[in-house]
Amino acid sequence: MHDLTRRSPRPASTIDSEGDGPTARVPVRLSRRDFLRQAAVAASIGAVAPFSFVRSARASSLDLDRFVREQLRLAMTPGISIAVVRGGEIVRAIGAGWADRESDIRVTPQTVFMLASVSKTVTCAGIMTLVQDGLLDLDANINDYLPFEVHIPAAPHAPVTLRMLLTHTSAIRDRYSVWGTPYSDPTLYFHGDAPIALGDFEESYLVPGESRYREGANFFERRPGKAYSYSNIAVDLAAYVAEVVAGQDFNELCKERILVPLGMKQSGYRLADITTTNLAMPYHLNRETGAFEPYFQYGYPDYPCGALRTSAVHLARWLGAFMNFGEFDGVRVLDRSTVREIRRNQLPDTVSWHQGLIWYGASPKGYFRMGHTGGDFGVSSRMFFRPDRELGVVSLTNASLGGSRWDAFSAIELRILDEF
């Protein structure tokens, strides 16, 4: 189950109820878990907007209209956007509900959503462009690249590698209280983009004597590489390593190497990258009134782990590229060998699911699927594909979902993967 806790922030890892692999949790003023419990009592979200579709001549005749409308009601979310990619073509896209009720903006397939932890798939790709360029080594000590040193207190002489960071085995621990919530004081949820640089945040958390360093809370009591535990901070550190080596802002690196070549317009890790008004507002549920209320468009300093924004149709282009071993619509953004390495099961003796570099997979329905989920305040997302059918689904919504609401949300993707 995708247990987004209202935000003890970003994903604290769990296993998806369908066995997909690790998912993200989210922490607000309450714990994330309490937030989602409260959300479950909501009765409805009001009127649902008409659907907006994109079809192609090769699209399946599967009629999703009524099914998606019903799942939107059961998920109790303001809006939802879905895109389906098969082979080298986006064959279906759907937008329904409200992107921003207060501004009277309906969801379309082009509505820009925050992705939460699905962002990590693009973050991994940006890092891997430098690996395939020969500038980074997945198995080198990250201290060979960093301007400060990172050591795990339980094993200070053991190296931490990019591979460990990208498989959540580094022993770096997410201390959720460091982020706060959108309404706490202090908080790292800023209105708009964070004024704190990625590297400054990582150094403050990982280096003894710095402001956010807590030896007993920021690290696990074990050697790196020995066990799995989902870590946003670790993925952010991998992104910062890439930033240092590239000599380029990590957001700009990913835009240059992945987003722009794939034609992913209105896409980026910072709100400054988004100029359209067709932007989904994150919402939370008022447990007293049963109504959804807006948060605000927020950013945080460790943006690579969850702050990427894009639309379902543009994210489907990235999914199509990954499905097709690095190429989509005649544009190659990753080498085939790079995608194979990302997909390869990195931890066969450590976890029960198939854990690649960031991406994970399993076969809970009798076929293998691979992808990632995401959740944060006012955000839930899924992106999975079936290699055997070259079929993938992107699902984005602007509310934090858990329990039966998450099941209703994920049911759309499962039906498409089963029947499309």
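Here's a quick rundown of the structure. (Residues numbered from 1 in each chain as written. Predicted model: local features only at pLDDT ≥ 70, side-chain atom pairs only at ≥ 80, totals over all residues. Heavy atoms only, no water.)

1. Observations concerning the pairing of strand β19 (residues 391–397)
Regular strands show a simple pattern: their side chains alternate between the two faces of the sheet. Stated formally: Residue burial is assigned from relative accessible area. The probe radius is 1.4 Å, only protein chains are included, and a residue is buried under 20% of its type maximum, exposed over 50%, and partly exposed in between. Each helix is a run of DSSP H or I of at least 4 residues and each strand a run of E of at least 2, with the numbering of both proceeding from the N terminus. Whether two strands pair comes down to DSSP finding at least two bridges between them.
Most of β19 sits out of view: seven of its seven residues are buried. The pairing of strand β4 (residues 79–86) with β19 spans seven bridges and is antiparallel. Residue pairing for β19: Ile80 is matched across the bridge by Thr397. In terms of strand pairing, strand β18 (residues 379–386) meets β19 through seven bridges, oriented antiparallel. The residue bridging Arg386 from the neighbouring strand is Leu391, located in β19. A loop of four residues connects β18 with β19, the two strands running antiparallel in sequence, and Glu390 in this loop sits at a positive phi of about 50°.

2. Describing the nonpolar core
Worth spelling out the cut-off: Buried Ala, Val, Leu, Ile, Met, Phe, Trp, Tyr and Cys residues form a nonpolar core when they are joined through side-chain atoms within 4.5 Å. Contact criterion: two residues are considered in contact whenever any of their non-hydrogen atoms come within 4.5 Å of each other.
Residues Ile172, Trp318 and Trp359 are the most contacted members of the largest nonpolar core, which totals 97 residues. Here Trp359 is in contact with Thr121, Trp318, Leu319, Phe322, Ile342, His354, Met370, Gly371, Met383 and Phe385, once residues within four sequence places are set aside. Among the nonpolar cores identified, the runner-up in size contains 34 residues, and Val68, Ile82, Tyr230 and Phe384 belong to it.

3. A few points about the packing of helix α3 (residues 119–132) against helix α7 (residues 232–246)
Keep this limit in mind: The axes used here are C-alpha line fits, helices contributing only the stretch in contact, and every angle between their N-to-C directions lies in the interval 0 to 180 degrees. Note on convention: near helix rotated counterclockwise from far helix by under a right angle means a left-handed crossing. Clockwise means right-handed. Throughout, the ten residues Ala, Val, Leu, Ile, Met, Phe, Trp, Tyr, Cys and Pro are labelled nonpolar, Asp, Glu, Lys and Arg are labelled charged, and all others, Gly among them, are labelled polar.
Taken N-terminus to C-terminus, the directions of α3 and α7 make an angle of 35°; their axes are 10 Å apart at the nearest point. For the crossing formed where α3 meets α7, the hand is left-handed. In this structure, α3 contributes Lys120, Thr123, Ile127 and Leu130 to the contact, and α7 contributes Asn232, Val235, Ala238, Ala239, Ala242 and Ala246. Its residues assigned to classes, the contact of α3 with α7 comprises seven nonpolar, two polar and one charged.

4. Digging into the pattern of salt bridges
For the record, the criterion: Each reported salt bridge corresponds to a side-chain nitrogen of Lys or Arg within 4 Å of a carboxyl oxygen of Asp or Glu.
Considering all chains together, one arrives at 14 salt bridges under this definition. Arg73 is the salt-bridge partner of Glu70, the closest N and O atoms lying 2.6 Å from each other. Taken together, the positions of Glu70 and Arg73, both in helix α2 (residues 65–75) and three residues apart, correspond to about one turn of that helix. Its relative accessible area of 33% is what places Glu70 among the partly exposed residues.

5. With respect to the packing of aromatic side chains
To be explicit about the condition: Aromatic rings from Phe, Tyr and Trp, with only the six-membered ring used for Trp, were paired whenever their centres fell within 6.5 Å, and each pair was classed as stacked if the ring planes differed by under 30 degrees, edge-to-face if by over 60, and tilted otherwise. Here, a charge over a ring means that NZ of Lys or CZ of Arg falls within 6 Å of the ring centre while also lying within 35 degrees of the ring normal.
Enumeration according to the criterion identifies 22 aromatic pairs in this entry. Consider the rings of Tyr189 and Tyr300, whose centres lie 5.6 Å apart with planes at 80°: the pair is edge-to-face. Residue Tyr189 is found in the loop between α4 (162–166) and β8 (190–191), and its partner Tyr300 is found in the loop between β11 (298–299) and β12 (309–311); the two are separated by 111 residues along the sequence. Here the guanidinium or amino end of Arg369 rests over the ring plane of Phe384, the centre of that ring lying 5.7 Å away. One residue, Arg386, lies across the ring of Tyr367, its end atom 3.6 Å from the ring centre.

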